Amino acid sequence: MTDVGEVITRVHHAEWARLVATLTRRLGDLDVAEEMAAEAFASAVERWPVDGVPPNPGAWLTTTAYRRAVDRLRREVRREEKHREALMLFDPPEPLGAIDDGRLRLVFTCCHPALAVEARVALTLRMVGGLTVPEIARAFLVEEGAMGRRITRAKSKIKAARIPFGVPLREDIPGRISGVLAVLYLIFNEGYLTSNSATEPVRADLTAEAIRLTRLVRELMPDDGEATGLLALMLLTEARRAARVSATGDLVTLGEQDRGAWDRGLIAEGHALVRARLATGQAPGRYQILAAINAVHTDVPDIRDTDWSQIVALYDQLARRDPSPIVRLNRAVAVAELDGPQVALAEIDQLPLAGYHAFHATRAELLRRLGRSEQAQAAYDRAVELAGNSAEAAYLVRRRDQLSGAS
Amino acid sequence: MAQYLMSVLDEKGGRATAEEMAAIDVFNEKLQADGNWVFAGGLASPGSATVVDGRDGEPVFTDGPYLESKEHIIGFWIVEAPHLDVALRLAAQGSKSCNRRVELRPFLSE
């Protein structure tokens, strides 16, 4: 029994997106495709423990889902006349694997820029990731009904506005790919450092799902450097997950982390991807540069061995592409290591980031190192007020309280 | 093929300038040449509107627009496109030509 359960989980991971994509193409309707895919898996849960796992689970699921769709449409003959006709035009299900790019179409549809960002995230997790609506609702701490409506509304818009189930127009491709990667990164970040204070600080289920989806997208677009860069960035970040929150729920900063607890396998894989991108000689995009920065950090057994000049150089490269204040803030953290806290403080004091907790946390650390305790305390206070993540807030409170103890 | 309404949103309260009109003409010609054209028109100011309620007995006429708003529709295109990606491209070109934002909305198709 358990064995079959495990097989079904594995097949679900491997086949869900392909199944939804194939059915969407055949049935011309994402909504029906999703429902039939879910029903096919429900049948598998019922049948496989009794009949055994079929030799080709993917084909079994497609056939089952397709039959159900036909049955259902027959039952709704009058209302669905058009669909019935459309169905008649299609051939019987072809074996899976012949139309792999269906999954890529699915990804582009779910991440379409005409949909609200939160709808893109939810749809991607549902249609490509195969998470259920309650699972997605839990992940984002949204009430289940509300999440269901969000997804339903997005599906209705796809249908009514005719968002295509296809690869974007040639001139739209670069923007659309970065839109897809942004959705994946958003899912990862929500898992890695959730902005919501009412939840666990790090959510391995979401980071794992983001990585799985990014692996898929990279597999579908092997020539896109940024897809590879994003995967490397996620792996090198995920590798530090276990060391990142203490037993008492505090955030542990990079310098204080037990580097022995880092996942060497993920680091090796991330480094290999970064090296592979470097070897192409192509100008790196944002994710590739961020991955390279993380590769430098994860390259040394002790923070004191960190190559800070390399990190500052990478941030300079990033700032040329993306001159945002947040990039300059992160750059200043490396500058503090290279040129001292005074130089870094002068750089960040000009940044328009008064509403961002990390700005105040960084200022607090720099002021502390300069011995300006009172100002540091005020900056910690502000950072705690603005921090949404529980582990981050706990860490900041601890740092602030150390300061008052010392003074 | 699906049809979409592209409404031109105006907050300046002015009519199109000669330059904008010229750009709109170029865009209209392109729509016609590419087979996306259905219809287009400019609208007089919202102050010229009359709300009519003929549902019950003698019709009731009310002066002025139905909604007072900062932004109102001063013109529109109806275009035909195979799907939203093409319609979005057209809307972007239309917006550029008339130098205003446009709202893109599909017609009901079934």
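Above: the structure in question.
Overview of the structure. Here the structure is a predicted model, which means the values were calculated and not measured. (Residues numbered from 1 in each chain as written. Chains lettered and ligands numbered in written order. Predicted model: local features only at pLDDT ≥ 70, side-chain atom pairs only at ≥ 80, totals over all residues. Heavy atoms only, no water.)

Below, the discussion takes up the overall build of chain B. When helices and strands are tallied, chain B shows two helices and six strands. Beginning at the N terminus, the succession of helices and strands in chain B can be written as β-α-β-β-β-β-α-β. Principal-axis analysis of the C-alpha atoms gives chain B an extent of 45 × 40 × 20 Å. Burial analysis of chain B (110 residues in total) assigns 29% to the buried set. The contacts of chain B with a sequence gap of at least 6 include a subset with a gap of at least 24, amounting to 75%. Carbon and sulfur atoms make up 55% of the accessible area of chain B, which totals about 7,200 Å². Averaging the locations of the 10 positively and 17 negatively charged side chains of chain B gives two centres separated by 7 Å. (Helix = DSSP H or I, 4+ residues; strand = E, 2+ residues; numbered from the N terminus. Buried < 20%, exposed > 50% of the residue type's maximum accessible area, 1.4 Å probe, protein only. Contact = heavy atoms within 4.5 Å. Areas by Shrake-Rupley, 256 points an atom, 1.4 Å probe, with all protein chains shown as cover. Lys, Arg positive; Asp, Glu negative; His and termini not counted. Charge placed at Lys NZ, Arg CZ, Asp CG, Glu CD.)

The next thing to look at is the interface of chain A and chain B. One widely used convention gives an interface's size as the accessible area the parts lose upon coming together. Chain A puts 13 residues into the contact, and the matching count from chain B is 13 residues. For the pair chain A and chain B, the summed buried area comes to about 1,100 Å², and 54% of that belongs to carbon and sulfur atoms. The interface formed by chain A and chain B contains three salt bridges. As a salt-bridge pair, Arg89(B) and Asp172(A) come within 2.2 Å of each other at their nearest N and O atoms. (Buried area = accessible area lost by both parts, 1.4 Å probe. Salt bridge = Lys/Arg side-chain N within 4 Å of Asp/Glu carboxyl O.)

Residues and elements named next belong to chain B. The pairing of strand β3 (residues 50-53) with strand β4 (residues 60-63) spans four bridges and is classified as antiparallel. Note that in β4 the partner of Val-51 across the bridge is Thr-62. Adjacent in sequence and paired antiparallel, β3 and β4 are bridged by six residues, among which Gly-57 carries a positive phi angle near 70 degrees. (Pairing = 2+ DSSP bridges.)

A few words now on the packing of helix α6 (residues 117-128) of chain A against helix α9 (residues 173-192) of chain A. Residues and elements named next belong to chain A. At a minimum axis separation of 10 Å, α6 and α9 run at an interaxial angle of 80 degrees. Put simply, α6 runs roughly perpendicular to α9. Contact with α6, carried on its side by Val-117, Arg-120, Val-121, Thr-124 and Leu-125, involves Val-183, Leu-186 and Ile-187 of α9 and no other residues of that element. Looking at the contact of α6 with α9, its residues break down into six nonpolar, one polar and one charged. (Axes fitted to C-alpha atoms, helices over the stretch in contact; angles between N-to-C directions. Parallel < 35°, antiparallel > 145°, perpendicular 65-115°, else oblique. Nonpolar A, V, L, I, M, F, W, Y, C, P; charged D, E, K, R; others polar.)

A few words now on the environment of Ala42(A). With respect to the helices and strands, the residue Ala42(A) is situated in helix α2 (residues 30-51). Remark: the alpha-carbon pair of Ala42(A) and Leu61(A), spanning 19 residues in sequence, is separated by 10.0 Å.

What follows deals with the state of the cysteines. All names here are of chain A. Taken as a whole, this structure holds zero disulfides over all chains when the rule is applied. For Cys-110, which is in no disulfide, the shortest distance to another cysteine sulfur is to Cys-111 and amounts to 6.4 Å. Judged by relative accessible area, which is 0%, Cys-110 ranks as buried. Residue class for Cys-111 comes out buried when judged on its relative accessible area of 2%. (Disulfide = S-S within 2.5 Å.)

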